[in-house]
Each structure stands twice: as structure tokens, then as C-alpha cells.
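# Reading the structure
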There are 2 protein chains.
Amino acid sequence: MLTWARRLTPPGGLSASTYTTLDTLTLAGPSRITDLADREGISQPGMTALINRLETAGLAVRTPDPTDGRASLIDITDRGREVLAARRAERAHLIAARFGALSEPDQRALDAALPAFRRLTAEMAATPDI
Amino acid sequence: MLTWARRLTPPGGLSASTYTTLDTLTLAGPSRITDLADREGISQPGMTALINRLETAGLAVRTPDPTDGRASLIDITDRGREVLAARRAERAHLIAARFGALSEPDQRALDAALPAFRRLTAEMAATPDI
DNA sequence: AGCAACTATATAACCAGCTGATGGATGTCT
DNA sequence: AGACATCCATCAGCTGGTTATATAGTTGCT
């Protein structure tokens, strides 16, 4: 039933949250671990581990925050941007193939709903009151 | 970014795949472990473990397949149906709250796209060619 | 300046949920 | 009957998360 989501997360690649964290980094620029953890809805230790993974994979870097000795700023590397773009293209390709098989009206309906869907999910991500 | 999905899977409850497996059971009736694994896109040992969890939680039962001594048929229990319904209601409530905050046109657009979205995801779940 | 309280990150120990490899029991085909 | 295929369970190992706690740095008050 939610199998379609699994199809978009092929094994051996980036996990869902590493992917979305890289995405956040491109949007928000260098960010603190705590901020990233909040944005992704995982714990701070969880985000620390995630960043460790990204860093050893060469997809992100930690630099000390010049204004706060406790914090470090995480940024995406060029390689990270490449991987992110490749992954995005791959997913787009997977979806496009199925999308093209739909009827014209179905395609139009989905297209028309996309902005609304974005607003809905943004709303949901923003309000943590389970 | 995909944080909204995490919001729909509160901790301490059913995991995403246990939930969808229960759902599949209500739709398909008593099923073999192998079939369920295929449908959910996880491995057979993974599904065995999942069914163990459901069974010890009293949400599903294993009965030997009368026509095949190797196989067992998994079925959802009444309690399973209750839990599934409760979970579904909870998710519906979460979504409805955010949905209601959207503009009228946004709501109409999402509503109109729902059948198309269902067809798209069904298509994606059915084709495993990563 | 000095100290208490707070904050940012890291570490440790643990758990859930998956994977591939393998084996035993049963079914099927010739 | 024998060879092969299929169904499921078990095992060891991995990934990605959790909570509790420690460490280092910052801030505010006196």
C-alpha cells in the first residue's frame, strides 16, 4: 500500500532522511545540527549520526561556527549537490514513467493539485502536535 | 521535508509496514507470508518477523493452509480491525485539521486529484523495476 | 570578575525493522 | 521413487533511529 514510497528509496543509496537533509541544506544554507534535527523531526543525536554519515561519504562538511564555540555549521559539498541532483533526477524519472501512463485528465488533475499538496505537507511538517 | 510522513507515524504505535499489511489483510483476506512480502515490497524473513509482531500483539493469526502443508494463512483479528480503524481515524483527523486550513480552491484541487493519485501510486507499487 | 544556569554537540547503550544466507518440511513433476 | 521447487523459520548482521548522560562553551546576574 505504501509500497510506492519504498520504490523511490532504492537500497544502497541515501536513506529518506539523509536525502531530505541534503535538500534542506541546499535551501537553508549552512545550518546547526539542532536546527536540522528540528526541521527533519528527528532527535539531535539522530541528526549527529546522520551528519557523520554524510561527512564520511563526502556529501557534507562541518565547520566551527565562528560566533559560537559550541556549535558547528553543516554545509553541503559540491559532491553532495551532485548526488542530490542525481537522486532527484532518478526519482523524477521513476515518477514520470508512471505519470505518463495515466490518462490526460488524471495528469491535469495531479498537476493542478501540486501547489495545494505542497502547502498541505508544509503545514503538516510545521505543526508537531501529534 | 518528508517530515510530514513522520508526523503520521507517531512513536509507540504501529510501524508503517505493519499498518499497511493489516490494511492489505482486510482487502485481500487470509494470505500467505510470501504473498504479503511481495505486496509490501519487503523480504520474506522481514514479513515473517512482522507477522510475529502482529501475532503477539493479537492483531493477526496464523492458521495452517488446509491445501498446502508448507504454508500458513495469515488473517487479521477483530482486535486488529479495531486497531486499524482507530489508526485510520487518527490519521484522518490529523490530515483533516491541516486540510481545513487550506483555501477552498486548494481543497477542491486536492479532492479532484485524489483518484488520479491513487491510480499513480497503484501503478508504482505494481512495477518493481527500480 | 566569577559563578550559576543554560545551550550545542557528542557519546553510550539500546531497540526496531529490515537484509541475505541457509535449512527443514512439504509439494510437484516425470 | 527421485529430483527439484516452494514455503516458512531461524540466524547473524546492518541501518537508522531512540533516551540518558557527559562535555565544552555561552550568557546573565551580581
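Report follows, based on the coordinates. (Residues numbered from 1 in each chain as written. Chains lettered and ligands numbered in written order. Predicted model: local features only at pLDDT ≥ 70, side-chain atom pairs only at ≥ 80, totals over all residues. Heavy atoms only, no water.)

### So, the pattern of salt bridges
Counted only if it meets this: Salt bridges are defined as contacts in which a side-chain nitrogen from Lys or Arg sits within 4 Å of a carboxyl oxygen from Asp or Glu.
Under the counting rule described, the total for this entry stands at 16 salt bridges over all chains. Each of Arg32, Asp65, Asp68 and Arg70 of chain A takes part in one network of salt bridges that share partners.

### Focus on the sheet that holds strand 3 (residues 72–76) of chain A
All names here are of chain A. We apply this condition: At least two DSSP bridges between two strands are required for those strands to pair. Helix and strand assignments come from DSSP, with helices taken as H or I runs of at least 4 residues and strands as E runs of at least 2, each series counted from the N terminus.
Spatial strand order, 1-3-2: 3 strands in an open sheet with antiparallel pairing. One side of each edge strand has no neighbouring strand; the edge strands of this open sheet are strand 1 (31–32) and strand 2 (60–64). Relative to strand 3, strand 2 is paired through 5 bridges, and the arrangement is antiparallel. Looking at the pairing, arginine 62 lines up with isoleucine 74 of strand 3.

### With respect to the packing of helix 2 (residues 16–28) of chain A against helix 3 (residues 33–40) of chain A
Residues and elements named next belong to chain A. For clarity, the threshold we go by: Each axis is a line fitted through C-alpha atoms, and for a helix only the stretch in contact is used; angles between axes span 0 to 180 degrees, taken between their N-to-C directions. Angle categories: roughly parallel below 35 degrees, roughly antiparallel above 145, roughly perpendicular from 65 to 115, and oblique for all the rest. If you view the pair so one helix is near and one far, a crossing is left-handed when the near helix is turned anticlockwise from the far one by less than a right angle, and right-handed when it is turned clockwise. Two residues qualify as a contact provided that any one of their heavy atoms is within 4.5 Å of a heavy atom in the partner residue.
Direction vectors running N to C along helix 2 and helix 3 enclose 120°, while the axes themselves pass 11 Å from each other. It follows that helix 2 is oblique to helix 3 by the angle criterion. The way helix 2 lies across helix 3 gives a crossing that is right-handed. The residues of helix 3 that touch helix 2, namely those facing Ser17, Thr20, Thr21, Thr24, Leu25 and Ala28, are Leu36, Arg39 and Glu40.

### Concerning the protein's contact with DNA strand D
Keep this limit in mind: If even one non-hydrogen atom of a residue comes within 4 Å of a molecule or strand, that residue is called near it. Polar contacts here mean pairs of N or O atoms no more than 3.5 Å apart (in protein, one a potential hydrogen donor and the other a potential acceptor; neighbouring residues in sequence count only if both atoms are side-chain atoms). Under this grouping Gly is polar, as are all residues other than the nonpolar Ala, Val, Leu, Ile, Met, Phe, Trp, Tyr, Cys and Pro and the charged Asp, Glu, Lys and Arg.
Surrounding DNA strand D, one finds 21 residues, the nearest of these being Ser17, Ser43 and Gly69 of chain A together with Thr34 and Arg62 of chain B. Counting only the atoms of DNA strand D within 4 Å of the protein, the fraction contributed by sugar and phosphate is 67%. One nitrogen or oxygen atom from the side chain of serine 43 of chain A is found 2.5 Å from a phosphate oxygen belonging to DNA strand D. Contacts to DNA strand D include arginine 53 of chain A, whose side-chain N or O atom sits 3.3 Å from a phosphate oxygen. With 4 residues, helix 4 (residues 44–56) of chain A is the largest single contributor of residues to the surface near DNA strand D. Counted by class, the surface near DNA strand D contains 6 nonpolar, 9 polar and 6 charged residues.

### Notes on helix 4 (residues 44–56) of chain B
Residue and element names in this part refer to chain B. The cut-off we apply is this: For a helix, the expected span equals 1.5 Å multiplied by the residue count minus one. For every residue, the accessible area (1.4 Å probe, protein chains only) is compared with the maximum for its type, and the residue is labelled buried under 20%, exposed over 50%, or partly exposed between those bounds. This arc corresponds to the set of directions leading from the helix axis out to the C-beta atoms.
With 13 residues, helix 4 should cover 18 Å at 1.5 Å per step; its first-to-last C-alpha distance of 18 Å lies within 8% of that length. Buried within helix 4 are the following residues: Met47, Leu50, Ile51 and Leu54. Summarising the axial view, the buried residues of helix 4 lie within an arc of 100°, below the 170-degree limit, and thus occupy one face. In helix 4, the exposed positions that point more than 90 degrees away from the buried face belong to Pro45 and Thr56. In this fold, the buried residues of helix 4 make contact with helix 2 (16–28), helix 3 (33–40), strand 2 (60–64) and strand 3 (72–76).

### Remarks on the protein's contact with DNA strand C
Taken together, 21 residues are adjacent to DNA strand C, and Thr34 and Arg62 of chain A together with Ser17, Ser43 and Gly69 of chain B come closest. Counting only atoms of DNA strand C within 4 Å of the protein, the fraction found in sugar and phosphate groups is 71%. At 2.8 Å from a base oxygen of DNA strand C is found a side-chain nitrogen or oxygen belonging to arginine 70 of chain A. Glycine 69 of chain B is positioned such that a nitrogen or oxygen atom in its backbone is 2.7 Å from a phosphate oxygen of DNA strand C. Elements with a contribution of two residues or more to the surface near DNA strand C: helix 3 and helix 4 of chain A together with helix 4 of chain B. In terms of residue count, the dominant contributor to the surface near DNA strand C is helix 4 of chain B (4 residues).

### What about helix 2 of chain A?
Residues and elements named next belong to chain A. Taking 1.5 Å of rise per residue, the 13 residues of helix 2 would be expected to cover 18 Å, and the 18 Å separating its terminal C-alpha atoms lies within 8% of that figure. All of the buried residues along helix 2 are Ser17, Thr18, Tyr19, Thr20, Thr21, Leu22, Asp23, Thr24 and Leu25. Glycine 29 sits one or two residues past helix 2 and shows a positive phi near 75°.

### So, the side chain of threonine 20 of chain B
All names here are of chain B. Within the element layout of this structure, threonine 20 appears in helix 2. The exposure class of threonine 20 is buried, given its relative accessible area of 2%. Only 3.1 Å separates the side chain of threonine 20 from the backbone oxygen of serine 17, close enough to count as a polar contact. Of the polar contacts made by the side chain of threonine 20, one reaches the side chain of glutamate 40; its length is 2.6 Å.

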